[in-house]
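Chain residues, written in single-letter form:
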Amino acid sequence: MSLSAPRDMDQVRRELLKLVGKAAVATISCAMVPRSAGAATAPISAASTVFDVRSFGAVGDGKAIDSTAINRAIEAASATGGAVFFPAGLYACYSLRLKSAVSLYLDQGSVIMAADTPREGTTSGYDPAESNAPWEAFQDFGHNHWHNSLIWGENIHDVAIFGPGLIWGRGLARGHDDPELPIAEAPGVGNKAIALKNCHNIILRDLPMLACGHFAILATGVDNLTIDNLKIDTNRDGINIDCCRNVHISNCSVNSPWDDAICPKSSFALGYARPTENVTIANCYVTGGYQVGSLIDGSFKRFPETFEDHGWQRTGRIKFGTESNGGFRNIAIANCVFESCRGLALETVDGGIMEDITVTGVTMRDIRNAPLFLRLGSRLRGPAGTPVGTLKRVLISNVTCHAPLNDMPSIISGVPGHAVEDIQISNCYFLQKGGGTAEMAALQPSEQPSDYPEPARLGPLPAQHFYIRHARNLDISNVELRGVTVDARPSFWLGDVNTADLMGVKLTGGIGPAVSLNNVSDFRALANRGLKDVSIEGPISHMQL
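Model, not experiment: these values are computed from the prediction. (Residues numbered from 1 in each chain as written. Predicted model: local features only at pLDDT ≥ 70, side-chain atom pairs only at ≥ 80, totals over all residues. Heavy atoms only, no water.)

On to the overall build of the chain, then. Within the chain one finds 5 helices and 34 strands. Relative to the compact-globule value of 24 Å for 545 residues, the chain shows a C-alpha radius of gyration of 25 Å, a close match. Overall, the chain is about 85 × 45 × 40 Å in size when its C-alpha atoms are taken along their principal axes. For the chain, with 545 residues in total, the buried portion stands at 58%. In the chain, the proportion of contacts linking residues at least 24 apart, taken out of those at least 6 apart, comes to 69%. Of the roughly 19800 Å² of accessible surface on the chain, a fraction of 53% belongs to carbon and sulfur atoms. (Helix = DSSP H or I, 4+ residues; strand = E, 2+ residues; numbered from the N terminus. Rg over C-alpha atoms; globule rule 2.2 N^0.38 Å. Buried < 20%, exposed > 50% of the residue type's maximum accessible area, 1.4 Å probe, protein only. Contact = heavy atoms within 4.5 Å. Areas by Shrake-Rupley, 256 points an atom, 1.4 Å probe, with all protein chains shown as cover.)

Given below as structure tokens:
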């Protein structure tokens, strides 16, 4: 069936049943019982602070396009301030335009569903993707546009979206070449569930979100942003926080196999470099290990062992970057769980700062690449003359990582002439796959300073647990390192490092050295198991311990 053709309600119910289970579909089906004509057109009091979308003509049967009626309700609510109420029903919509002093409340059994568009686009679908010239070359298509979304707001304030209903991005593109989804760049196509630009005082709470296109949430230049108790089960990015200030993300669960779960960024999309700062991420669960829809319905269906859809699947992590023109500062990550996904990534490669970051109380299981990835790079995608940024004052503690299938070490890396600085890692446990060969231990990886900052792009590395290059003032203490199988690579490989301390580290005995020093000065190893005490002041071109 062509995507331009309307889908009948039996098919919609089958899709939703497959994705979120029988209970949700039964609730929505009950809500689709036709109401009287009088109820459909009942006037609303001008003094009311609750604006029922059905009173403005929304049908909620999954067939009619309800966005025009819902936008009328939002306009009415904005005149006095109030809540736009979605009773149980399936509301097929194109773009909904948020206004200041308005909240959207999705009642139990209500679904805001992104309506279908033809694959090649349409003249009557979602709002057009507005121009972001002349800044469009500095970030990808999705980050340059906000209006081509299911729900969007720009230059608004005091807005909330909440309730136990569902936001379902069924008709949204995700920016991959999916034959059953529309092309993201085509006219009239939507590719985000919620997009916000230059806003303040925003609350998103208690929502489940399903299959939400390129971004479930894209917030750019949004200050005083609270995101709490969301369950996001999606086919690309979960939460993107870009150039935002005073942000609190808490109690969220995000399953995003094909992209990042929680991803602060600091792009040039606003036309200037603005840091993302004063951010807390707490009590969140991120994963890429489940079939889309099975987190929300509670079935938690794993992908089959043989499933390999793309080389980048099982992403699902917390990552800062890659867009990093303004950088990141004053960030706290606490009490989060990573499962069946990539590890924690702190990246600044476009000239921005990465300063004053704390990470504590993180558990990781089934990690698919570098458990920790701290990368200062020089891609410098931005205006001409952009300098290399900084990455310093990062404290990581109380992390446990059980990754028995992972053969990539944690990576801490700057570029020549620009060191990662002031890094402390303490009270942690890391279990890796092991099995590295002597040939891998002898590798001399290329710098790739301007490449996309992704651990796998560095290729095989000559370290089992920590690969550290271009760093200064590094402290690793009370850390236990283990491998499932014997590894010929050293646990630590250090290159161009000044001032590094290993204290109280427990190392698994291997067939190779514990530490490889390459152009290192001021190195100390004290009270470690599996490594003799040593103190080296002068520069060492090469030494193995």
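Attention now moves to the environment of Gly-509. Tracing the sequence through the fold places Gly-509 in the loop between strand E31 (506-507) and strand E32 (515-526). Overall, the relative accessible area of 65% leaves Gly-509 in the exposed class. In this structure the C-alpha to C-alpha distance between Gly-509 and Val-486, which are 23 residues apart in sequence, comes to 7.9 Å.

Across 10 bridges, strand E29 (residues 466-485) lies against strand E30 (residues 492-503) in parallel orientation. By the bridge assignment for E30, Ala-471 is matched with Val-497. Relative to E32, E30 is paired through 10 bridges, and the arrangement is parallel. Counterpart to Asn-498 in the pairing with E32 is Ser-521. (Pairing = 2+ DSSP bridges.)

Residue Pro-134 is reached from Ala-133 by a cis peptide bond, and omega for that bond is 5°. One can find Pro-134 in the loop between strand E7 (110-114) and strand E8 (151-154). Thr-322 follows Gly-321 through a cis peptide bond whose omega is 5°. Relative to the helices and strands, Thr-322 is located in the loop between strand E21 (319-320) and strand E22 (327-341).

What follows covers helix H4 (residues 67-80). Between its terminal C-alpha atoms H4 stretches 21 Å, which fits the 20 Å expected from 14 residues at 1.5 Å a residue. Along H4, the residues classified as buried are Ser-67, Ala-69, Ile-70, Asn-71, Ala-73, Ile-74 and Ala-77. Looking at the buried residues of H4, the elements they touch are strand E1 (50-52), strand E2 (61-65), strand E3 (82-86), strand E4 (89-93), strand E5 (96-97) and strand E6 (102-106). Gly-81 occupies a position one or two residues after H4 and carries a positive phi of about 85°. (Expected span 1.5 Å × (residues − 1).)

Below, the discussion takes up the nonpolar core. Counting 127 residues, the largest nonpolar core has Met-209 and Phe-492 as the members making the most contacts within it. The element contributing the most residues to this core is E29, with 7 residues. When near neighbours in sequence (up to four residues on either side) are disregarded, Phe-492 contacts Phe-466, Ile-468, Ile-476, Leu-481, Leu-502, Val-505, Leu-507, Ala-514, Val-515 and Ser-516. By size, the runner-up hydrophobic cluster in this structure holds 10 residues, among which are Met-408, Leu-458, Ala-463 and Trp-493. (Core = buried A, V, L, I, M, F, W, Y, C linked by side-chain atoms within 4.5 Å.)

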